[in-house]
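Coordinate analysis (summary)
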Amino acid sequence: MKKLLAVALIALAVSSTFLCTGCGGGGSDPTVPTVTPPPVTPPPVTPTPPAIVPKQVAATSYANKNLIDTDSVQIPSLRILRNDFGFTPSAEELAAGCFGANCVGNGIVNDRSIAFADFFQDGSYSAFITTWRKTGTWDSYLINRPIVDASNRAYFIRRENGRWVDKTAQLLPNPDDRYTCISHSYTAVADFNGDKKPDLFVSCHGIDFSFGPGDTVSGRNIDSLFPNTWRDILFEEQIVFLSQADGTYRRSKIPGKIYGHHASTADINGDGKVDVITTNASWGNANSYEDYRPFFLINNGNGTFTRDYSRLPAGIIDPTNPYAVGSQIHIYWTYLIPVEGRIDLILVGNKIAWYKNPGNGNFSNVVPTFLPLTVGYEASPLDIVYKDGNFYVNHSGGPWPGVMRVKKINATNLSVQTIYTLNQDLGSSEGVISPQFKITTDGRYLVPFVGGCEKDALAVNFNTSKCSVKIPL
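Every value quoted in this text rests on a predicted model; they were computed, and no experiment measured them.

1. Describing the environment of Pro368
Inspection of the secondary structure assignment puts Pro368 in the loop between β17 (352–355) and β18 (369–370). For the pair formed by Pro368 and Tyr355, sequence separation is 13 residues and the distance between their alpha carbons is 4.7 Å. Not counting chain neighbours up to four residues away, the residues in contact with Pro368 comprise Tyr323, Ala353, Trp354 and Tyr355.

2. Notes on the pairing of strand β21 (residues 404–410)
Examined bridge by bridge, strand β20 (residues 390–396) and β21 share five bridges and lie antiparallel to one another. Its bridge partner being in β21, Tyr392 is matched across the sheet by Lys408. In the sheet, β21 pairs with strand β22 (residues 416–422) via six bridges, with the strands oriented antiparallel. The partner of Arg405 across the bridge, within β22, is Thr421. From the end of β21 to the start of β22, which pair antiparallel, there are five residues, and Leu414 there has a positive phi angle of about 65°.

3. Quick look at the environment of Phe449
In this fold, Phe449 is placed in strand β24 (residues 445–449). Of the residues examined, Phe449 reaches a relative accessible area of 2% and is grouped as buried. Along the backbone, Phe449 and Asp71 are 378 residues apart, and their C-alpha atoms lie at a distance of 9.4 Å.

4. Brief notes about the packing of aromatic side chains
Going through the model one piece at a time under the given rule, you end up with 12 aromatic pairs. Three or more aromatic residues link up through ring pairs in this structure, and these residues are Phe119, Phe128, Phe156, Phe241 and Tyr249. The ring centre of Tyr155 lies 4.6 Å from the NZ or CZ of Arg178, which sits over that ring. In this arrangement the basic side chain of Lys351 is found over the ring face of Phe370, its NZ or CZ atom lying 5.0 Å from the centre.

5. Considerations on the nonpolar core
Core analysis: the largest hydrophobic core is formed by 30 residues, its most contacted members being Ile337, Ile346, Phe391 and Leu446. For this core, the secondary structure elements donating two or more residues are β15 (333–339), β16 (342–348), β17, β19 (380–387), β20, β21, β22 and β23 (436–439). Counting residues in hydrophobic clusters, the runner-up holds 23 residues, among them Leu234, Ile268, Ile298 and Leu312.

6. Looking at the sheet that holds strand β14 (residues 305–308)
Read from one edge of the open sheet, four strands run β11-β12-β13-β14, paired in antiparallel fashion. Here the strands that pair on one side only, and so sit at the sheet edges, are β11 (264–266) and β14. Between one strand axis and the next, the sheet turns through 25° on average, direction left out of account. Two strands pair when backbone bridges link them, and strand β13 (residues 294–299) and β14 are joined in this way by four bridges, in the antiparallel orientation.

7. A short note on unusual backbone geometry
Here the phi dihedral of Gln121 falls at roughly 55°; this positive angle occurs in a residue that is not glycine. Mapped onto the secondary structure, Gln121 falls in the loop between β1 (109–117) and β2 (126–133). The class of Gln121 is partly exposed, set by a relative accessible area of 23%. Positive phi, close to 50°, is recorded for Asp388, a residue that is not glycine. With respect to the element layout, Asp388 can be found in the loop between β19 and β20.

8. Considerations on the state of the cysteines
What the rule picks out here adds up to one disulfide. Each sulfur in the disulfide pair Cys181 and Cys204 lies 2.0 Å from the other. Handedness of the Cys181-Cys204 disulfide follows from its S-S torsion of about -80°: it is left-handed. A residue pair is termed long-range when its members are at least 10 positions apart, and Cys181 in the loop between α6 (168–171) and β5 (183–190) and Cys204 in strand β6 (residues 199–205) qualify at 23 residues.

Parameters and conventions
Residues numbered from 1 in each chain as written. Predicted model: local features only at pLDDT ≥ 70, side-chain atom pairs only at ≥ 80, totals over all residues. Heavy atoms only, no water. Helix = DSSP H or I, 4+ residues; strand = E, 2+ residues; numbered from the N terminus. Contact = heavy atoms within 4.5 Å. Pairing = 2+ DSSP bridges. Buried < 20%, exposed > 50% of the residue type's maximum accessible area, 1.4 Å probe, protein only. Phe/Tyr/Trp six-rings, centres within 6.5 Å; stacked < 30°, edge-to-face > 60°. Lys NZ or Arg CZ within 6 Å of the ring centre and 35° of its normal. Core = buried A, V, L, I, M, F, W, Y, C linked by side-chain atoms within 4.5 Å. Axes fitted to C-alpha atoms, helices over the stretch in contact; angles between N-to-C directions. Disulfide = S-S within 2.5 Å.

As structure tokens, this is what we get:
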């Protein structure tokens, strides 16, 4: 009996083994093929674009010109680009006169000043340019004033797809903000309202012709010809383009008309706000004390300024003062230049006076050092930079097309060396950009700020010799 029971149990175990052959966890039928699910593809990941880091604004206009990290400061002339590259004149400008390469005489509208900064806050350098229609003498300006006023405009341009494109409407949406002034010679970049964006100071004056009481125009005495208006034709308010929270710019005027020919900026009184030095570079002011006299515009922190004469010597233009700069020419330049850790001042009248900063930005008792260069129509110090113990001066001028000379002056012994000459003033033909230069990013050369230099923008009669200028330091 026991044997039969054991045999039965063995048979049951063997039967169970065969019944479970091929059984898995789910007991599937071995005759049905197994289906493998397709792989799950994750959705594509859109890469996050790198964050835009705007270019920083330096503390001085000198650094914002000389130390920006680009050497591409030679651009096409707006005079040539009009109607070809999107630089479309307004109806007023079209009615005002010619705008092409074939314009001659007083009809020419030229570039007048230029500055570079990250105006669009896109991490690249763009350009601000002012255009200018030749004003000539006073009576011809009276005839052409509506034309001049329509032609003197501000432009913001930037590089897109390998060429410069007009984007003024984006940053100056108000057409009234595009007007500059009767004449303008220089633009300085600084942050005047403390928002860490570049602002612009445009040096303005009236017609490009200095006169005063008792002078005659076309044989007639100006006091009897236009007794109440001639100062409005000679003097102008200085212009500031201030950045706004929405990324645009607004034009504002600094009260008090002067003959402004040049300006520089730095925090001169140590309050953390960028100030301006400029000058009233003409005689004929209602207050004769102001004739040819430089002064500081102390920044109030919001893009407005207070005029301050106290930081400069009272006898600065007194011809009996041996330390006076002099007042014999109407081109009167003002430079604030970093020199060995100081912000020094250089003023140009009929002499070139270097004032070393005593540490508090007050130059009223500083005895200047005179740089040994002549000053006059044939040779004016149109730009000055400092590097490694030397001043480099664009000592140029003369009748058209002028002569460019770059002179190196040792700041210790005042020895002078001419290091470059070109029989064409960088600012007196195509482009007519106020003749500045900057130090290249590698610190080895000077290159000019100049217009009319791109091949696709040149007319056949334009001299391109200046476009490749690199002056070894």
